[in-house]
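One letter stands for each residue in the lines below.
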Amino acid sequence: MNRGASVLVVESEGVVGGSSRLAGGQIMGAGSRVQACGGLRGQSRRFVSALYVAEYSGPSSPQSSVDSVTSQVPQSTWLADLGVQFYGQLFYSGDEAVPRDHVPETHGAGIINVLETHMPRQGRSISP
Ligand SMILES: Cc1cc2nc3c(=O)[nH]c(=O)nc-3n(C[C@H](O)[C@H](O)[C@H](O)COP(=O)(O)OP(=O)(O)OC[C@H]3O[C@@H](n4cnc5c(N)ncnc54)[C@H](O)[C@@H]3O)c2cc1C
């Protein structure tokens, strides 16, 4: 996820995070380490992207659904490597056929806290 982009975080509140801090932080994806460890088959990104379009987005935004599913495993892996603790099993978020949600033990707030801690290490800061 470190691809040299310059990111500006703009925050009107005393703490960063907004809705993300309130969220469960569940990240849906296919082809992750957790899925591989759990022996889940038929979880290719193409397969899950098709299901995601059918179940959640409808035909109006198929590419954004594919992009979303494709990017979520690298994101959750990157977050785990930064220190976000994910449960070692997958969860259902709706009525999907197999569980695909990666759930952080500390919810959305835990993701934000790890990112906030990580930013100074990368030489970046958030100006109040
Ligand atoms: C209870 C709950 C549970 C959820 N669970 C999940 C989940 O498990 N998985 C999932 O994928 N999604 C979940 N969501 C949805 C998810 O939280 C949101 O889609 C996501 O947080 C949106 O991120 P964002 O960066 O667009 O907005 P936010 O995280 O809300 O960030 C916007 C930020 O901008 C700031 N801001 C607003 N106006 C201004 C301004 N004029 N100037 C400066 N700053 C401003 C706000 O203070 C806020 O910090 C959940 C949401 C809720 C409420």
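What follows is about the site of the ligand. Close to the ligand lie 13 residues, the nearest being Glu11, Ser12, Ser19, Ser20 and Gln26. Contacts to the ligand include glycine 24, whose backbone N or O atom sits 3.2 Å from a nitrogen atom. Within the backbone of glutamine 26, a nitrogen or oxygen atom sits 2.9 Å from an oxygen atom of the ligand. In isolation the ligand offers 1000 Å² of accessible surface; the protein chains occlude 40% of this area. In terms of residue class, the shell around the ligand is built from three nonpolar, eight polar and two charged.

Alternating positions in strand β3 (residues 101-104) separate into two faces, Asp101 and Val103 on one and His102 and Pro104 on the other, with burial throughout. Two strands pair when backbone bridges link them, and strand β2 (residues 86-91) and β3 are joined in this way by three bridges, in the antiparallel orientation. By the bridge assignment for β3, phenylalanine 91 is matched with aspartate 101.

With that out of the way, let us pick up the side chain of serine 76. Within the secondary structure, serine 76 sits in helix α4 (residues 62-82). According to the relative accessible area criterion, serine 76 is buried, its value standing at 6%. What serine 76 contacts, discounting residues up to four positions off in sequence, is Ile27 and Phe86.

Next up on the list: unusual backbone geometry. The backbone of histidine 107 sits at a positive phi, close to 60 degrees, despite the residue not being glycine. As for its placement among the helices and strands, histidine 107 is situated in helix α5 (residues 107-121).

Moving on: the nonpolar core. Side chains of nonpolar character tend, in soluble globular proteins, to be buried together. Within the largest apolar cluster, six residues are counted, these being Ile27, Leu79, Val84, Phe86, Ile111 and Val114. Dropping the residues within four chain positions of it, valine 114 is found in contact with Leu82, Gly83 and Val84.

In this section: α5. Spanning 15 residues, α5 covers 22 Å between terminal C-alpha atoms, matching the ideal 21 Å at 1.5 Å per step. Within α5 the residues assigned to the buried category are Gly108, Gly110, Ile111, Ile112, Val114, His118 and Met119. Among the residues trailing α5, glycine 123 stands out with phi positive, at a value near 75 degrees.

Glancing now at the confidence of the model for the protein. When pLDDT is averaged along the protein, the result is 78, and 70% of the positions lie at 70 or above. When mean pLDDT is compared element by element in the protein, helix α1 (residues 18-22) scores highest at 95, while helix α3 (residues 45-57) scores lowest at 65.

Turning to the environment of glutamine 72, a few remarks are in order. Within the secondary structure layout, glutamine 72 lies in helix α4. Separated by 43 residues in sequence, glutamine 72 and glycine 29 have C-alpha atoms that sit 5.5 Å apart. Residues contacting glutamine 72, with those up to four places away along its chain left out, are Ile27, Met28 and Gly29.

Turning our attention to the sheet that holds β2. Whenever strands of a sheet pair, they do so through backbone hydrogen bonds, lying parallel or antiparallel. Spatial ordering of the open sheet is given by β1-β3-β2, a layout of three strands whose pairing is antiparallel. The strands lining the two open edges of the sheet, one partner per strand, are β1 (27-28) and β2.

Tracing the backbone through its elements, the reader meets aspartate 101 in strand β3. Within the local environment of aspartate 101, its side chain forms a polar contact with the side chain of glutamine 26, the two groups lying 2.5 Å apart. Setting aside anything within four residues of it in sequence, one finds aspartate 101 in contact with Gln26, Ile27, Met28, Gln89, Leu90, Phe91, Tyr92 and Ser93.

Reading guide: rules and limits
Residues numbered from 1 in each chain as written. Predicted model: local features only at pLDDT ≥ 70, side-chain atom pairs only at ≥ 80, totals over all residues. Heavy atoms only, no water. Near = heavy atom within 4 Å. Polar contact = N/O pair within 3.5 Å; in protein donor to acceptor, adjacent residues only side chain to side chain. Areas by Shrake-Rupley, 256 points an atom, 1.4 Å probe, with all protein chains shown as cover. Nonpolar A, V, L, I, M, F, W, Y, C, P; charged D, E, K, R; others polar. Buried < 20%, exposed > 50% of the residue type's maximum accessible area, 1.4 Å probe, protein only. Helix = DSSP H or I, 4+ residues; strand = E, 2+ residues; numbered from the N terminus. Pairing = 2+ DSSP bridges. Contact = heavy atoms within 4.5 Å. Core = buried A, V, L, I, M, F, W, Y, C linked by side-chain atoms within 4.5 Å. Expected span 1.5 Å × (residues − 1). pLDDT = per-residue confidence, 0-100.

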